[in-house]
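Breakdown of the fold
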Amino acid sequence: MKTYDHTKIEKKWQEAWSKSKIYETKDSVSDTSSAAAKKENFYLLVEFPYPSGNLHVGHWYSFAVPDILARTLKMEGKNVLYPIGFDAFGLPAENAAIKNKVNPREWTESNMAYMREQLRSMGASFDWSREVVTCHPDYYRWTQWLFLQLFKANLAYRKETMVNWCPNDKTVLANEQVVDGKCERCGHEVVQKEMLQWNIKITEYADRLVDDLEKLDWPEPIKESQRNWIGKSEGAEIDFSLDFGEEKVNARTDADGKRAHITVFTTRPDTLFGATYLVLAPEHPWVTLTLQHKAILKNNEEVAVYVEQTSKKTELERQQETKEKTGVKLEGVVAVNPATGEKIPLYVADYVLAGYGTGAIMAVPAHDERDRAFAEKFGLPIREVVSDDRKLMHSGEYDDLSIEEGKKKITEVFGRRKTTYKLRDWIVSRQRYWGVPIPIIHCPSCGSVAVPDNQLPVLLPETDDYLPDGKGKSPLAKVESFVQVKCPQCGGDAQRETDTFDTFIDSSWYFLRYADPKNEKEFAAKDRQALWMPIDLYSGGAEHTTMHLLYSRFWHKALFDQGLVADSEPYLRRMNRGIILGPDGQKMSKSKGNVIDPDDVVRRLGADTVRMYLAFIGPYNEVASYPWNPDGVVGVRRFLERLWRAQELVVESDKLDDKSYSIIDRELHRTIKKVGEDAKQLKFNTAISQMMIFLNTIEKEKQIGKAQWETLLKLLAPFAPHMAEELWHESGRETSIHAESWPSFDPKLLVSEEGVIAIQIDGKMRGEITIASDSPKDAVEAAAREKVAARLEGKTITRTIVVPNRLVNFVTA
RNA sequence: GCCGGGAUGGCGGAAUUGGUAGACGCGCACGACUCAAAAUCGUGUAUCGCAAGGUGUGAGGGUUCGAUUCCCUCUCCCGGCACCA
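What this report covers is the structure whose coordinates are included nearby. (Residues numbered from 1 in each chain as written. Chains lettered and ligands numbered in written order. Predicted model: local features only at pLDDT ≥ 70, side-chain atom pairs only at ≥ 80, totals over all residues. Heavy atoms only, no water.)

1. What about the overall build of chain A?
Formally: Secondary structure elements are taken from DSSP: a helix is a run of H or I of four residues or more, a strand is a run of E of two residues or more, and numbering for both begins at the N terminus. Burial classes: relative accessible area under 20% of the type maximum marks a residue as buried, over 50% as exposed, and values in between as partly exposed (1.4 Å probe, protein chains only). Between two residues, a contact is recorded if the distance between any of their heavy atoms is within 4.5 Å. The charge count includes Lys and Arg as positive and Asp and Glu as negative, but it does not include His or the ends of the chains. For the purpose of locating charges, the reference atoms are NZ of Lys, CZ of Arg, CG of Asp and CD of Glu.
When its secondary structure is counted, chain A shows 26 helices and 33 strands. Each of the 813 residues in chain A was classed as buried or not, and the buried ones make up 53%. Pairs at least 24 apart in sequence give 72% of the contacts found in chain A among residues at least 6 apart. Averaging the positions of the 110 positive and the 122 negative side-chain charges in chain A gives two centres separated by 1 Å.

2. As for a positive patch on the surface
The line we're drawing: A patch consists of residues whose relative accessible area exceeds 30% and which take part in no salt bridge; residues with like charges are grouped when within 9 Å of each other, and nonpolar side chains (Val, Leu, Ile, Met, Phe, Trp, Tyr) when within 5 Å. Only the protein chains shown count as cover for residues, and all accessible areas are computed by the Shrake-Rupley method using a 1.4 Å probe. By convention in these notes, a salt bridge is any Lys or Arg side-chain nitrogen within 4 Å of a carboxyl oxygen on Asp or Glu.
A surface patch of positive charge is lined by Lys 764, Arg 766, Arg 791 and Lys 795. Mapping Lys 764 onto the fold places it in strand β31 (residues 764-772).

3. A few points about the protein's contact with RNA strand B
To keep it simple, the criterion reads: We call a residue near a molecule or strand as soon as one heavy atom of that residue lies within 4 Å of the molecule or strand. Two N or O atoms form a polar contact when they lie within 3.5 Å of each other; inside protein one atom must be a possible hydrogen donor and the other a possible acceptor, and for residues adjacent in sequence the pair counts only when both atoms belong to side chains.
RNA strand B sits among 52 residues. The nearest are Thr 267, Tyr 356, Arg 370, Arg 806 and Asn 809. Protein-proximal atoms of RNA strand B, defined as those within 4 Å of the protein, fall in sugar or phosphate at a share of 64%. Within the contact set of RNA strand B, a sugar or linking oxygen lies 2.8 Å away from a side-chain nitrogen or oxygen of Asn 228. A distance of 3.4 Å is found between a phosphate oxygen of RNA strand B and a side-chain nitrogen or oxygen belonging to Arg 799. Breaking the surface near RNA strand B down by element, the ones donating at least two residues are α7 (220-230), β11 (261-266), α20 (630-645), α22 (684-701), β30 (754-761), β31, β32 (797-803) and β33 (807-812).

4. Focus: the side chain of Glu 667
Within the secondary structure, Glu 667 is located in helix α21 (residues 658-680). Among the polar contacts made by the side chain of Glu 667, one reaches the side chain of Arg 670 at a distance of 3.0 Å. Every residue in contact with Glu 667, bar those within four places of it in the chain, is listed here: Gln 690, Ile 693, Phe 694 and Thr 697.

5. A look at the pattern of salt bridges
Inspection of every chain in the model, using the stated rule, returns 47 salt bridges. Between Lys 557 and Asp 212 there is a salt bridge; the shortest N-O distance is 2.4 Å. Remark: Asp 212 occurs in the loop between α6 (206-211) and α7 and Lys 557 occurs in helix α17 (residues 548-561); sequence separation between them is 345 residues. Here Lys 557 and Asp 212 have matching classes, each one buried. Residues participating in the shared-partner salt-bridge network are Asp 27, Asp 127, Arg 130, Asp 516 and Arg 528.

6. Remarks on a negative patch on the surface
Together, Glu 384, Asp 388, Asp 389, Asp 399 and Asp 400 give the surface a local cluster of negative charge. Secondary-structure assignment places Asp 399 in the loop between α11 (369-378) and α12 (403-414). Here Asp 399 falls in the partly exposed class, since its relative accessible area comes to 32%.

7. Examining the sheet that holds strand β22 (residues 493-496)
Here is the rule we go by: The rule for pairing is simple: two strands pair if DSSP sees at least two bridges between them. In this analysis, axes come from line fits to C-alpha atoms, helices being fitted only over the stretch in contact, and the angle between any two N-to-C directions falls in the range 0 to 180 degrees.
Taken in spatial order, the four strands line up as β20-β19-β22-β21 in an open sheet, and their pairing is antiparallel. Lying at the two open borders of the sheet, with one neighbouring strand each, are β20 (447-450) and β21 (484-486). Ignoring which end each strand starts from, the neighbouring axes of this sheet average 40 degrees apart. Sitting on the sheet, helix α5 (residues 137-152) is in contact with β19 (440-443) and β20, with an inclination near 130 degrees to β20.

8. Examining the packing of aromatic side chains
For clarity, the threshold we go by: Centres within 6.5 Å are what make two rings of Phe, Tyr or Trp a pair, Trp counting through its six-membered ring; a difference in plane orientation under 30 degrees is then read as stacked, over 60 as edge-to-face, and the rest as tilted.
Scanning the model with the defined rule gives 42 aromatic pairs in all. For the ring pair Tyr 82 and Phe 126, a centre distance of 5.1 Å and an interplane angle of 15 degrees mean the geometry is stacked. Of this pair, Tyr 82 sits in the loop between β2 (79-81) and β3 (85-86) while Phe 126 sits in the loop between α4 (104-120) and β4 (132-133), placing them 44 residues apart in sequence. According to the relative accessible area criterion, Phe 126 is buried, its value standing at 3%.

9. Digging into the sheet that holds β33
With respect to topology, four strands assemble into an open sheet ordered β31-β30-β33-β32, the strand pairing being mixed. Edge positions in the sheet fall to β31 and β32, since each has one partner strand and no second. For this sheet, the mean inter-axis angle between neighbouring strands, taken without regard to orientation, is 20 degrees. Judged from the six bridges that link them, β32 and β33 form a sheet pairing that is antiparallel. Within β33, the residue paired with Ile 797 across the bridge is Thr 812.

10. Looking at α21
Where we set the bar: One less than the residue count of a helix, multiplied by 1.5 Å, gives the span that helix is expected to have.
Relative to the 33 Å expected for 23 residues at 1.5 Å per residue, α21 spans 33 Å between its end C-alpha atoms, a close match to the ideal helical length. For α21, the N-terminal cap is Asp 657; the gap from its side-chain oxygen to the backbone nitrogen of Lys 659 is 3.2 Å.

11. Here we look at the state of the cysteines
The condition is simple: For the purposes of this analysis, a disulfide is any pair of cysteine sulfur atoms at a distance within 2.5 Å.
Going through the model one piece at a time under the given rule, you end up with zero disulfides. Cysteine Cys 490 is unpaired, with the sulfur of Cys 443 as its nearest cysteine sulfur at 3.6 Å. Taking relative accessible area as the criterion, Cys 490 reaches 43% and is therefore assigned partly exposed.

12. A closer look at unusual backbone geometry
Only a minority of non-glycine residues have a phi that is not negative, and only a minority of peptide bonds are not trans. With omega at 0 degrees, the peptide bond leading from Leu 456 into Pro 457 counts as cis. A cis amide bond links Met 533 to the next residue, Pro 534, at an omega of -5 degrees. Topologically, Pro 534 is positioned in the loop between α16 (526-532) and β24 (537-541). One non-glycine residue with positive phi stands out, namely Asp 400, at about 75 degrees.

13. Overview of helix α23 (residues 706-716)
Where burial is concerned, most of α23 is hidden: nine out of the 11 residues are buried. For α23, the set of buried residues is Gln 708, Trp 709, Glu 710, Thr 711, Leu 712, Leu 713, Lys 714, Leu 715 and Leu 716.

14. Here we look at the packing of α20 against α22
Definition in use: By definition in this entry, angles of less than 35 degrees are roughly parallel, angles greater than 145 are roughly antiparallel, angles of 65 to 115 are roughly perpendicular, and the rest are oblique. In this scheme the crossing of two helices becomes right-handed for a clockwise turn of the near helix relative to the far one and left-handed for an anticlockwise turn of less than a right angle. Throughout this entry, Asp, Glu, Lys and Arg are counted as charged residues, while Ala, Val, Leu, Ile, Met, Phe, Trp, Tyr, Cys and Pro are counted as nonpolar. The remaining residues, Gly among them, count as polar.
Two elements in contact, α20 and α22, have axes separated by 11 Å at closest approach and are oriented at 40 degrees. Overall, the two elements α20 and α22 adopt an arrangement that is oblique. Where α20 crosses over α22, the two elements pack in a sense that is left-handed. Between α20, through Phe 639, Arg 642 and Leu 643, and α22, the contact on the second element is made entirely by Met 691, Met 692, Leu 695, Asn 696 and Glu 699. For the contact of α20 with α22, the residue count by class is five nonpolar, one polar and two charged.

15. Let's talk about the environment of Met 162
If you trace the backbone, Met 162 turns up in strand β5 (residues 156-166). Taking C-alpha positions, Met 162 is 36 Å from Arg 383, a pair spaced 221 residues apart along the chain. Those residues in contact with Met 162, other than ones at most four positions away along the chain, are Gln 192, Lys 193, Glu 194 and Ile 427.

16. With respect to the pairing of β33
Summarising burial for β33: six of the six residues are buried, a large majority. The side-chain alternation of β33 yields two buried faces, one formed by Leu 807, Asn 809 and Val 811 and the other by Val 808, Phe 810 and Thr 812. As judged from the four bridges shared by β30 and β33, these two strands associate in the parallel manner. Bridge assignment links Ala 758 to a residue of β33, and that residue is Leu 807. Linking two consecutive strands that pair antiparallel, namely β32 and β33, is a turn of three residues; a positive phi of about 55 degrees is found at Asn 805 within it.

17. Topic: the environment of Pro 627
Along the chain, the position of Pro 627 falls in strand β27 (residues 625-627). On the basis of relative accessible area, Pro 627 is assigned to the partly exposed category, the value being 39%. Remark: the alpha-carbon pair of Pro 627 and Ile 580, spanning 47 residues in sequence, is separated by 5.7 Å. Filtering out sequence-adjacent residues up to four positions away, Pro 627 remains in contact with Leu 581, Gly 582, Gly 585, Tyr 613 and Ile 617.

18. Topic: the environment of Gly 632
Position of Gly 632 among the secondary structure elements: in helix α20. Along the sequence, Gly 632 and Ala 779 sit 147 residues apart, while their C-alpha atoms lie 46 Å from each other.

19. As for the pairing of strand β9 (residues 191-200)
By the bridge criterion, 10 bridges tie β5 to β9 in an arrangement that is antiparallel. Residue pairing in the sheet places Lys 159 in a bridge with Gln 197 of β9. Of the strand pairs in this sheet, β9 and strand β17 (residues 426-427) are connected by two bridges, and their pairing is antiparallel. In the strand pairing of β17, Ile 200 is matched with Trp 426.

Take it as geometry only, folks, not as evidence of what the structure does.
Structure below.
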């Protein structure tokens, strides 16, 4: 017998599969088993990789393990789309460009070329003919076009927005690029800065993003994270009128003649009677306005200093000061509590956030920890208005109402219902080079004008200067030939937008392109979309729960509203995978020296071993972290070698003796059932364990029939595709095993002829008997009783519980 | 602080969803082969006990004939968010 030479076998079959195009997915396939019927399409999506330049174990875990599911479903008769591509725009390419003077395009392309080879070494059933690369103009042309549909639908706008600004790198950073208040690139402290930025109105979809979670087959924790991130709060807005006393600077400020007032947002309107002061955020518009009119506030200077100080704080400083409250009282103005008529002071304090609610709160120190801390520090009154048994008190005619009733009543009388969200609009412009140019032209007379469809794509211009200009403009601003254009509307001189898109836009729709990757007229034709969307299962990392997953759900809904896609949700089912740690149980990192190089392991032990080991390490549908165990990989290799050697035990089916045949057949049918069911539930670990049990059975019987052997190979095929193919051909077959269909099992064979029955007395194990599985209940009970007769002596049996094929339990008095 | 998820041998993990806890693999021990080692194969492996028999799924309590599984209280670990009113 030949030795198991994984290198030779894997190379041979990867080339053969590539040549025969066995994994190219047709848009629809007729089902030969039933006339005129179509095979059911199944779309299995995994998050496409960033072309970092090298595949790590995490990539294998992300792509090679779900491939087992893709292959299983294919054999079960589904037409499975399992595509791959690259999320190819982004910061690392630009960093490499600045650092090493390489062209970001070339850097990215050569990384992708290398990674394609690495990805092929997995032996995955990717359909490479549908590859999608986000930095290619034939893709980003449609990214631009889709953005313009949102722009035209009034879902994109440009606004002065507070952004994370790194003064050292002179660029805006995304929230995810700010780590502990510092720039992830250079470590410099990040500051908040007002800048003119493109935003997308994701907040307009906040309610639907929350509500539609109900109809998704997603794990509850993921849904809950999204709900928390969106942060929907039901409450009330309440107006507090202002009183300036003697001076009456402006008893009426507004043009419409309304009394000057401050509107607060609260989720506890029931505590209105306990509101003993108001707090405004330093950036609250009323504060800004008032500071310009010196006469209004008696301590104008002091307030101005406080506001100024807060604005200079870095993100890091604000985070660190969470406990100690600061603030300034506004002299010369009081607010009137609408419920009590009491005049209460106003404060400016940075514990109130400008971006949430109305940027102003009514402080109820008796029932809010933060208000209490502030009140204690500034000596403000603390008035309890809710009793320990959760009833209102000291609240006039509302006394004795429950909290819920109080909320309702007080909102009706003194305010109005209001819902707010933590979710902010999505800032999508980046002052960077390596991204999709925003397809907008700024015209002095027409404003922001969409680039017409026939001028798309707006190509990313070539340059060799990738540094930002230092004033917050992207490197594109320095390319004059790119910037200067005529306005598409009036024909006058105009300038192109020079920012590029956040890469989360690129990844918000890539899965639609897989359905129709070569289309030059549309981002994806409707009929192609209909064949594949919505996605049946989306597998990916937990880190994307509140970023990519939320952005793409929103994007899809926006497209749905424009009639561009047929579903309001892109992913029917989502699962988050866990992560693979180093052998020391720590996160893999170069500095810790615990990084496992998959290429190296593949060279030594083979792709089939690596795939199977990762599948065997633990259940795939749980967010867990599994340490890479070098001995464990060898164990899986050992299993494959034993399987390889088991070829020698194969005999013609009619030569197998009857007893052996039935023992093997029973176990085989159990294995067919378990492997198929477990694989579909992504419990590859137990599926593999059952194959191991079956191999143990073969070795014990020292023989296996040829038909049984070939059935086993089919079960193995999704897990170890190369070895299964090789053994299949060794067995005399000439077509690919991966075109075979999944074996079926005979339910009659699942039950053993005889089984072990546990015997309990009062629930405690007292023995066991082996008895025919079809024995009548009475016979089982009698046999059991006889077995433990000695123990039952002198006891009165009040009840006997018989669980078929499981146990007999005698309950005594 | 809030939200979510966990806790089972030396390790990764199983357990038909209330019915023999520890499948499968790793590790370890002993044995076979070998001059020897590696590889391979065989046997054993929760724990206390020579045994009969106890005990045991983070801790404590409860429901039940029977609890890893259901209920209550607590401890610890991991992840996310965090002055969100």
